[in-house]
Amino acid sequence: MEDVKSPCIQICRADSNGVCFGCRRTNEEVGDWSLYTNEQKKEVLVKASNRRNAPDTQSGGFFR
């Protein structure tokens, strides 16, 4: 079985809630991605697709 690919699109900046503007994963989900099973990755992708970024972009930090 092929591994579920990361949704990263190289826009690695977090909003004030710690959600990435590019892939909409949380800081924790980004950091733990390689540790997740394919099922867990699919769950994260569903959660991320339902997230919206916070309007306050001034306090966002960079992942890289």
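It should be noted that the structure appears before, not after, this text.
Figured I'd write up the structure that's included with this text. (Residues numbered from 1 in each chain as written. Predicted model: local features only at pLDDT ≥ 70, side-chain atom pairs only at ≥ 80, totals over all residues. Heavy atoms only, no water.)

1. Observations concerning the overall build of the protein
Move 1: A tally of helices and strands in the protein yields two helices and zero strands.
Move 2: Each of the 64 residues in the protein was classed as buried or not, and the buried ones make up 33%.
Move 3: Counting only contacts in the protein whose residues sit at least 6 apart along the sequence, the fraction spanning at least 24 positions is 60%. (Helix = DSSP H or I, 4+ residues; strand = E, 2+ residues; numbered from the N terminus. Buried < 20%, exposed > 50% of the residue type's maximum accessible area, 1.4 Å probe, protein only. Contact = heavy atoms within 4.5 Å.)

2. Quick word on helix α2 (residues 38-50)
Move 1: The end-to-end C-alpha separation of α2 is 19 Å, in line with the 18 Å expected for 13 residues at 1.5 Å each.
Move 2: Taken as a whole, α2 has its buried residues at N38, K41, V44 and A48. Seen along its axis, α2 keeps its buried residues to an arc of 115°; they face one direction. Facing away from the buried side of α2 by over 90 degrees, the exposed positions are V46 and N50.
Move 3: Next to the buried residues of α2 lie α1 (27-32). (Expected span 1.5 Å × (residues − 1). Arc of directions from axis to C-beta.)

3. Quick word on the pattern of salt bridges
Move 1: All chains considered together, the criterion is met by four salt bridges.
Move 2: With a shortest N-O distance of 2.8 Å, K41 and D3 are connected by a salt bridge. With K41 in helix α2 and D3 in the segment before α1, the pair connects residues that are 38 residues apart, well separated along the chain.
Move 3: Residues R51 and E29 are paired through a salt bridge, measuring 2.8 Å at the closest nitrogen-oxygen approach. Of this pair, R51 sits in the segment after α2 while E29 sits in helix α1, and the two are 22 residues apart along the sequence. Both residues of the pair, R51 and E29, belong to the buried class. (Salt bridge = Lys/Arg side-chain N within 4 Å of Asp/Glu carboxyl O.)

4. A few points about the packing of aromatic side chains
Move 1: Counting across every chain of the model gives one aromatic pair.
Move 2: With a centroid separation of 6.4 Å and an interplanar angle of 75°, the aromatic rings of W33 and Y36 are classed as edge-to-face. Of the two residues, W33 and Y36, both sit in the buried class.
Move 3: Its end group placed over the ring of W33, R25 keeps NZ or CZ at 4.9 Å from the ring centre. (Phe/Tyr/Trp six-rings, centres within 6.5 Å; stacked < 30°, edge-to-face > 60°. Lys NZ or Arg CZ within 6 Å of the ring centre and 35° of its normal.)

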